[in-house]
Protein chains: 2
Amino acid sequence: MIKSLVTTEGRLTEEDIVRWIRQRNEEVEVKVEQMPLAQLEGWHFDEDRSLRHNSGKFFSIEGIHVETDYGKVGVWDQPIINQPEVGILGILTKEIDGVLYFLMQSKIEPGNVNNVQISPTLQATKSNFTRVHQGKKPAYLDYFLNAKPHQILLDQLQSEQGARFLRKRNRNIIIKVDEDVELLPDFRWMTLGQIKVMLSYDNMVNMDTRTVISGINFSKYLTPLVDVNVMSDWGRSLIKSMQEQMGCFTMDELISWLSRQKAMYNLLVTSKPMKEIRDWNIGEYEISREDQEYFKVIGVKVTISNREVSSWCQPLVQPQQQGLCAFIIKDIDGVPHFLVQAKLECGNLDVMELAPTVQCLTGKYDVETNCPPFVLYVLNAPKNEIIYDTLQSEEGGRFYREQNRNMLIRVGDDFPLETPENYRWMTLNQMFSFLKFNNFLNIQARSLLSVLSFK
Amino acid sequence: MIKSLVTTEGRLTEEDIVRWIRQRNEEVEVKVEQMPLAQLEGWHFDEDRSLRHNSGKFFSIEGIHVETDYGKVGVWDQPIINQPEVGILGILTKEIDGVLYFLMQSKIEPGNVNNVQISPTLQATKSNFTRVHQGKKPAYLDYFLNAKPHQILLDQLQSEQGARFLRKRNRNIIIKVDEDVELLPDFRWMTLGQIKVMLSYDNMVNMDTRTVISGINFSKYLTPLVDVNVMSDWGRSLIKSMQEQMGCFTMDELISWLSRQKAMYNLLVTSKPMKEIRDWNIGEYEISREDQEYFKVIGVKVTISNREVSSWCQPLVQPQQQGLCAFIIKDIDGVPHFLVQAKLECGNLDVMELAPTVQCLTGKYDVETNCPPFVLYVLNAPKNEIIYDTLQSEEGGRFYREQNRNMLIRVGDDFPLETPENYRWMTLNQMFSFLKFNNFLNIQARSLLSVLSFK
């Protein structure tokens, strides 16, 4: 695993991979036409004006009413994606010439800004593989369904966007096989190091890949035989942070802090008929807020040349603003600490999840008023503190051209240790302790962990 | 903490404590009269026939519709207790003569079979201490609200009964203070060892005490200075199990197993107007199933001489059958392993929680058909294998005279290692690893952990 992490030239070069994705992009034709919501084939508005698939499966767009004493807005209505099934996001790996390779797919999703992105081997909902939509069986599915315990490198349930999904989760799974694996046309073997290189490009690696690889705790694989000198200084600092169980706070103190935060705030989410949700309009082509903020729901007809089904209709969620996700990282006693926020979002399974230092919509914050903590610092960070800054996409199967700016800011000694009560400094070891027990780190935090580069 | 655990004679003797509870029982008059539901003062049926407190706070009895592919019954309706607030269950501790003492309360609850039970220092909902019902401020509340991080020995969010409560949780907290604490009339200082002795009596220690002390991970307090020879052989075995991170399975394997179990089963819970719930009748005096199974909701008027409010009305849930909760424990490679079940219950926050080997209603299983796994083994266990067997009460503030048989069965080498797929053998260390990350062990499993005796 560590070798895979530090191997940035594999069986393909960086140029090969970029060319492969570009080429796939040129080969396929992706047509996304906006349609009147009522005319989406296979979908219907029910009596409450919720938008549902005719099979009763997949997902639906439903209304919720939210009441909370957290944040500035205490009561609101909104549409939300309800997809009660747990999906599988799976990556198949195999040792080739002594290095672990990941089987990655160039996958087209209708909402992607650039059509094709590097995706996990398998990305399937239960409806998908129980074949509700009569498509082909997803490739490599059986490897995951039949995986033996000793083949499983990672297997976690993790959440999706709490502001858009109602308690949605995916099973993130990485398996390792020994036998030969047929290499299908849309797939390539890559090292983890190569995936990390691809993450330095905008919108090249999809969200599902990011959430799966974010869960890999490298410190598990560090043996005395591993030569960390091939890593960068920064990589070795991160390894230190991954080994440090005791940071500014002990794990018990952090668990206590999070329990207190969760107990302090109420979150009441009740379903509400879509036709009655306040401040939102159901138009012919879109469901949107009167003030055009946050997001809207649109209906599209998608025509793609190579996917399980080549043409279908579906709703997509389109953001009205770009977002910003950033971690502030600071060396404390020589160990990098991440500034983590306890954040409440209406779709969270458990009230609050651990989020990046900054996670917000931008555009709203051009003026220096009313800004959440640390936003202005991040937006105005000195160049030498910015160690990562790219645009990354949300899941293109549900979101239409949604990209968020992902940043890592490494601050100096002057940056104050004191933080508001809902923030805590944590080592990577502590973040991974939370991460492996499901649902603690939100998808934005995990996405930022996935981009950490060690080489 | 360890000293407290093995100290079974403290400032009071065992007889003193039993006498104290008996005496308190004689001193107070507890009158519980059944009332027509519509006449409960302070409560009303809303338009859906949900039963709600007039303040909109406390809890309500609402209808839900459940669909799942787990278990034999796939679709049902039922009333459920909805109490979205996180309550506080807190125990205040203090070192006295070098031993940690727990400040315990003799608390009256209307549903208790024996009126008074040994309870945590503080047992309060947010409504309680924000004084919705205009009662007195709960005693010792400020110690908990103002606790400093270094005073907190334990601080976890834990679930309540998933078959009766909709995603209810409590903050379980133990704090240690150095200053003198005023000893109020209904309170006594006890060692943890003494609480354990009280747990060998039927219905003496209430559920809230059990859930709080179940979270204490003794292995944390084991230093070379601690003399484990004062413990029994069994106690030393348990300590071994608490230190053993690798059991039959690694933690990663167990997390993978649980992720798979959670991903395998769907659980859809939607609210449904009480007036429409199927198979249930709302009568004048009770809400019950047509076949009189499971439980019923009754309304009572309570009059008590010393409680925050001396007279009030409330609904209570009354069981129709007695329950059985049991762990099967087996030495594997010299280390005690507990047989843990992944169990789905409709009110679970996260689909499945870790439950005892056996958790079911009895009465139904007099005949040897249709019985869940291990029930018959436990009911017919040889005497020498039964290391614990008492009746313990559910929370008397919500449940009317509900008691469940709690058993620990220590099986021999002949007992098969193989189990159904939804069961796993775990060491105590592994169970505590899950326990500290909230919501993994259900309340029945925690209750059984709390009775483990080391002396």
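For the structure, check the block above.
Residues numbered from 1 in each chain as written. Chains lettered and ligands numbered in written order. Predicted model: local features only at pLDDT ≥ 70, side-chain atom pairs only at ≥ 80, totals over all residues. Heavy atoms only, no water.

Participant: Sorry, what's going on with the overall build of chain A here?
Facilitator: A count of helical and extended segments in chain A gives 11 helices and 24 strands. On C-alpha atoms alone, chain A measures out to a radius of gyration of 22 Å, which is about the 23 Å that the 2.2 N^0.38 rule sets for 455 residues. Along the three orthogonal principal directions, the C-alpha set of chain A runs to about 65 × 55 × 40 Å. Within chain A, the proportion of its 455 residues that are buried is 61%. If you take every contact in chain A between residues at least 6 apart in sequence, the share linking residues at least 24 apart comes to 73%. In the form shown here, chain A has an accessible surface area of approximately 17,700 Å², with 46% of it arising from carbon and sulfur atoms. Between the averaged position of the 50 positive side-chain charges in chain A and that of its 59 negative side-chain charges there is a distance of 3 Å. (Helix = DSSP H or I, 4+ residues; strand = E, 2+ residues; numbered from the N terminus. Rg over C-alpha atoms; globule rule 2.2 N^0.38 Å. Buried < 20%, exposed > 50% of the residue type's maximum accessible area, 1.4 Å probe, protein only. Contact = heavy atoms within 4.5 Å. Areas by Shrake-Rupley, 256 points an atom, 1.4 Å probe, with all protein chains shown as cover. Lys, Arg positive; Asp, Glu negative; His and termini not counted. Charge placed at Lys NZ, Arg CZ, Asp CG, Glu CD.)

Participant: I keep staring at the relation of the copies chain B and chain A and nothing clicks. Help me out?
Facilitator: There are two copies of the chain, and a rotation about an axis plus a shift along that axis relates them. Superposition of chain B onto chain A requires a rotation of 180° combined with a translation of 0.0 Å along the rotation axis, giving an RMSD of 0.0 Å. Both chain copies can therefore be described as sitting about a two-fold axis. Most of the interface of chain B is mirrored in chain A, where 100% of its interface residues are also at the interface. (Least-squares fit on C-alpha atoms with pLDDT ≥ 70 in both.)

Participant: Please explain the nonpolar core as it appears in this structure.
Facilitator: As a rule of thumb, soluble globular proteins bury nonpolar side chains together. Counting 172 residues, the largest nonpolar core has A:Phe102, A:Phe338, A:Phe434, B:Phe102, B:Phe338 and B:Phe434 as the members making the most contacts within it. Aside from chain neighbours lying at most four places away, what touches A:Phe434 is A:Met251, A:Leu254, A:Ile255, A:Leu258, A:Leu354, A:Met426, A:Phe440, A:Leu441 and B:Phe437. (Core = buried A, V, L, I, M, F, W, Y, C linked by side-chain atoms within 4.5 Å.)

Participant: Can you help me understand the interface of chain B and chain A in this one?
Facilitator: A common way to report how large an interface is uses the accessible area buried once the components associate. If you look at the interface, chain B gives 34 residues, while chain A gives 34 residues. Here chain B meets chain A over a buried area of about 3,000 Å², counting both sides, of which 53% is carbon and sulfur. Run the count over chain B and chain A and you get four salt bridges. For A:Arg169, the salt bridge is made with B:Asp350, and the minimal N-O distance between the two is 2.4 Å. Inspection of the region where chain B meets chain A yields eight residue pairs in polar contact (both at pLDDT 80 or more). Put simply, the parts of the chain that give the side of chain B that touches chain A at least two residues each are strand S10 (152-159), strand S11 (169-176), helix H8 (251-264) and helix H10 (428-436) of chain B. (Buried area = accessible area lost by both parts, 1.4 Å probe. Salt bridge = Lys/Arg side-chain N within 4 Å of Asp/Glu carboxyl O. Polar contact = N/O pair within 3.5 Å; in protein donor to acceptor, adjacent residues only side chain to side chain.)

Participant: Help me understand the packing of aromatic side chains, please; the structure alone is not making it clear to me.
Facilitator: Two numbers describe a pair of aromatic rings. These are the distance of the centres and the angle of the planes. All names here are of chain A. One pass over the structure, following the stated rule, counts 31 aromatic pairs over all chains. With centroids separated by 5.0 Å and ring planes inclined at 55°, the aromatic side chains of Trp 43 and Phe 59 adopt a geometry described as tilted. Of this pair, Trp 43 sits in strand S2 (residues 43-45) while Phe 59 is found in the loop between strand S3 (51-53) and strand S4 (60-68), placing the two residues 16 residues apart along the sequence. Residue class for Trp 43 comes out buried when judged on its relative accessible area of 7%. (Phe/Tyr/Trp six-rings, centres within 6.5 Å; stacked < 30°, edge-to-face > 60°.)

Participant: Looking at this model, I keep getting lost on the environment of B:Asp178. Mind explaining?
Facilitator: Residues and elements named next belong to chain B. Relative to the helices and strands, Asp 178 resides in the loop between S11 and strand S12 (187-191). The exposed category is assigned to Asp 178, whose relative accessible area is 64%. Between the C-alpha atom of Asp 178 and that of Glu 95, which follows or precedes it by 83 residues, the distance is 7.4 Å.

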